[in-house]
Structure formats: structure tokens, C-alpha cells
Amino acid sequence: MRTTKDPTRPFGRALTAMVTPMKPDGGVDVDGVQRLATHLVDSGGNDGLVINGTTGEYPTLSDPEKEIVLRAAVEAVGDRATVIAGAGNNDTRHTLEVIATAEKAGVHGLLLVSPYYNKPPQEGLYQHFVTAANSSDLPVMLYDIPGRTGVPIDTETLVRLAEHPRILAVKDAKGDLASASWVMARTNLAYYSGEDMLNLPLYSVGAVGHVSVVGHVVGARLRAMLDAYEAGDVATATRLHHGLLPVYTGIFRTQGVILTKAALRLLGLPAGPVRLPLVDATDEQVAVLIEDLVAGGVALPEKAGA
């Protein structure tokens, strides 16, 4: 099992939740998965990747496809980066099956999202996560994103979960700095920003890194912002944050994976189409995206948007 040298950052510092490149017919592009993973790690400033997360269109991938994508990513980046498998869903029994497959694929950790749609009580969340963590020797990052799941992981639940020896981190997309601060003050959980616009604010209250979507296109600048903040150069970190605002806005004008794949296509990187029920960006959306990326300092090939 791969571990980072710094125990306060068990999954690394700068991570991207990677899209799943698809072929024109909608099948998984295995070669594209490997080329994109390699690019993000070797050229994109990332020391970790989340594979088969929401941005990877996890809900529309079959279990065999999930395994294929994981194995391709692990093979591509080896020990140069932490590979974390998105393995959570709203059925605990199915979650255990996905975890077992991810473990066999050689991943370095698990991302477990709160069960969605069925809106379990806090005790149900606790038992779900503990049952999942007990099923594997892999370290776990919890994913707290109530805007998608309908249920936040309450502070007291996170404090209880922090007692588990393999639950080490939280990907926080709750947008509640007060709650995050209390959890960090009361536990050793490593917090990773899961909401790009709040990367810098979360660093200021103790987050150790980020799991980004815009890291597909500005990963090196996100890494530079984190480096500057941790070096005590808050002015530079703030300047970088402000410069990235158009990129944040541009990628999230609609569902993030839709415009991320559009941006990757503009950059000549593997992406392909999205799967239904998502739909690809329209020409009008791509035109606005180009304006946003250029305003955010992203260098696009001259033919982009032509």
C-alpha cells in the first residue's frame, strides 16, 4: 500500500478528481485514461488522482468498467501518485463489492461518499462508513457533499468516525468553514478542499490540500497557490486565487464534468463525450468557456473553438 511521507497528508497534497475519457461511441477509452492520468501527474502538478468519482461519471459506469479504469490508472502512474478509488454509493452491500474490486486493482486508497437519495440518519451514515472501512485495509477519505447526497455528515458523526484507524481524511464540499474548523480542531482528520472556489479559504482554517476539478486544466497553478500559502506568502496565494476565478466560474457554469471534458477537448487532451443523462456542452457553452479560460490565463491552441 502506497503511503505519503507526511502522515498529516495521507493522500498527498494536490489531487484531481479525474474524468473518464470515452470513445466516440460512449465506451471507455482505456488508452485515453492512461494518457490523461499520466499528463495530470507528470505535467499537471498533481500527486494524487481520484478515479471513478462523480467527475469520472461513476454512476454510469458498470462495475467491470470501474475495474478497467482503475487498473489502467494504476498502471499508468504507478507509485508516482496516489490513486484513490471512488467506491461509495447508496447501498452498503454494493459498496463492499466495489471496495473489494478496487483493492484487487491495486489502488492506494478509497473515497467514500455519503449514501445519496435515501437520506440516512447520522447513525446510518456512521454504520455505513465504519462497515466499509472495516472491509478493507485501504485508508479512507470520506466525501461530504450534501448538495448532491441530501445529507451532511454532522460534526459529531465525523468526530466519531475519526476514531477509526483507517478513516484518515475528508473531502469537504459542504461549504461550511465553521463546521470544518470544529472537526479539524477536535480530530486528526486531514481535510481536503472538494470545492475549488473554496480551496484557499479552507487552507486558512487548516486544510492540507485539495481534490480539484479545475486541476485538469490549471493543476500547476493550484499547486503553486498551495505552496505559496504554506510558505507564508499569503499575498501571492491570494493573487493566484483571484486569477483563477474565471476558470472556476467557467468550469462550473453547468455540471463540472461536462465543461471539464469540453476544456480537455480544447486542449487536445483525452476526454470524449459524456454519458446520458449528462449531455455534451453546446457550441454556445463552449464559446463562453473559451472566454472564461482565456480570462483565467489558460493558453489554448490557436485552433481551439475555430
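Residues numbered from 1 in each chain as written. Predicted model: local features only at pLDDT ≥ 70, side-chain atom pairs only at ≥ 80, totals over all residues. Heavy atoms only, no water.

Topic: the packing of helix α1 (residues 30–42) against helix α2 (residues 63–77)
Definition in use: To obtain each axis, a line is fitted to C-alpha atoms, and for helices this fit is confined to the stretch in contact; angles are then taken between N-to-C directions over 0 to 180 degrees. A helix here means a DSSP run of H or I that spans at least four residues, while a strand means a run of E at least two residues long, and both kinds are numbered starting from the N terminus. Between 65 and 115 degrees an angle is taken as roughly perpendicular, under 35 as roughly parallel, over 145 as roughly antiparallel, and anywhere else as oblique. Left-handed describes a crossing whose near helix is turned anticlockwise from the far helix through less than a right angle; right-handed describes the clockwise counterpart. In this description, contact between two residues means that some pair of their heavy atoms is separated by no more than 4.5 Å.
Packing of α1 against α2 leaves a shortest axis separation of 8 Å and a crossing angle of 45 degrees. Here α1 is positioned oblique relative to α2, judged by the angle of their axes. Two packed elements cross with a definite hand, and for α1 against α2 that hand is right-handed. Together, Val 30, Val 33, Gln 34, Ala 37, Thr 38 and Val 41 of α1 and Ile 68, Val 69, Ala 72, Ala 73, Glu 75, Ala 76 and Val 77 of α2 make up the contact between the two elements.

As for the pattern of salt bridges
Heads up, the rule is: In what follows, salt bridge is the name for a side-chain nitrogen of Lys or Arg lying within 4 Å of a carboxyl oxygen of Asp or Glu. Accessibility here uses a 1.4 Å probe with only protein chains present; expressed as a share of the type maximum, an area under 20% marks a residue as buried, one over 50% as exposed, and anything in between as partly exposed.
Across all of its chains, the model carries 14 salt bridges by this definition. For the salt bridge of Glu 230 with Arg 13, the shortest nitrogen-to-oxygen distance reads 2.8 Å. Placement of Glu 230 in helix α9 (residues 215–230) and of Arg 13 in the segment before β1 (14–17) is noted, with a sequence separation of 217 residues between them. By relative accessible area, which is 14% here, Arg 13 ends up buried.

Here's the deal with α2
Worth spelling out the cut-off: To estimate the expected span of a helix, subtract one from its residue number and multiply by 1.5 Å.
The end-to-end C-alpha distance of α2 is 22 Å, a good match for the 21 Å that 15 residues give at a rise of 1.5 Å each. Among all positions of α2, only Glu 65, Lys 66, Val 69, Leu 70, Ala 72, Ala 73, Val 74, Ala 76 and Val 77 are buried. The first or second residue beyond α2 is Gly 78, which carries a positive phi of 55 degrees.

Some words on the environment of Leu 267
Here Leu 267 is to be found in the loop between α11 (256–266) and α12 (283–295). Considering only alpha carbons, one finds Leu 267 and Ala 299, 32 residues apart in sequence, at a separation of 8.6 Å. When near neighbours in sequence (up to four residues on either side) are disregarded, Leu 267 contacts Val 217, Val 298, Ala 299, Leu 300 and Pro 301.

Some details on the packing of aromatic side chains
To keep it simple, the criterion reads: Each aromatic pair joins two rings of Phe, Tyr and Trp (for Trp, the six-membered one) with centres within 6.5 Å, and gets the label stacked for planes under 30 degrees apart, edge-to-face for over 60, and tilted for any other angle. Two thresholds decide whether a charge sits over a ring: the Lys NZ or Arg CZ must be within 6 Å of the ring centre and within 35 degrees of the ring normal.
According to the stated counting rule, one finds two aromatic pairs in the structure shown. Ring geometry for Phe 11 versus Tyr 192: centroids 6.4 Å apart, planes at 65 degrees, classification edge-to-face. Of the two residues, Phe 11 is situated in the segment before β1 and Tyr 192 in strand β7 (residues 190–193); the sequence distance between them amounts to 181 residues. By the burial criterion, Phe 11 is buried, and Tyr 192 matches it. Between Tyr 203 and Tyr 229 the ring centres are 6.2 Å apart and the planes differ by 40 degrees, which places this aromatic pair in the tilted class. A residue pair is termed long-range when its members are at least 10 positions apart, and Tyr 203 in helix α8 (residues 199–204) and Tyr 229 in helix α9 qualify at 26 residues. Residue class for Tyr 229 comes out partly exposed when judged on its relative accessible area of 23%. The ring of Tyr 126 carries the charged tip of Arg 160 above its face, separated from the ring centre by 3.7 Å. Over the face of the ring belonging to Tyr 143 we find Lys 171, whose NZ or CZ atom lies 4.0 Å from the ring centre.

Some words on the sheet that holds strand β3 (residues 82–86)
To summarise the sheet geometry, strands pair through backbone hydrogen bonds and adopt either a parallel or an antiparallel arrangement. The line we're drawing: Paired strands, as defined in this entry, are two strands with at least two bridges between them according to DSSP.
Pairing within the closed barrel is parallel, and its eight strands lie in the order β1-β2-β3-β4-β5-β6-β7-β8. Along the sheet, successive strands turn relative to each other by an average axial angle of 25 degrees, direction set aside. Bridge count for β1 against strand β2 (residues 48–51) is three bridges, and the pairing is parallel. Residue pairing across strands places Leu 15 opposite Gly 48, the latter belonging to β2.

Focus on the UniProt feature "active site" (unreviewed entry) in the protein chain
How we decide: UniProt positions are given in the numbering used here, feature names are shortened, and annotations may be inferred rather than shown by experiment.
Feature annotation in UniProt places "active site" (unreviewed entry) on Tyr 143 and Lys 171, given in this structure's numbering. These annotated residues cover 29 residues of sequence, but their C-alpha atoms sit close together, with the largest distance between any two at 4.7 Å. With respect to the helices and strands, Tyr 143 occurs in strand β5 (residues 140–144). Beyond its immediate stretch of four places on either side in the chain, Tyr 143 contacts Thr 54, Leu 111, Leu 112, Val 113, Ser 114, Ile 153, Lys 171 and Ala 173. In this fold, Lys 171 is placed in strand β6 (residues 167–172). Look at Lys 171 and you get buried, because its relative accessible area is 5%. If we ignore the near neighbours within four places in the chain, the residues touching Lys 171 are Ala 17, Leu 111, Met 141, Leu 142, Tyr 143, Asp 144, Tyr 192, Gly 194 and Val 211.

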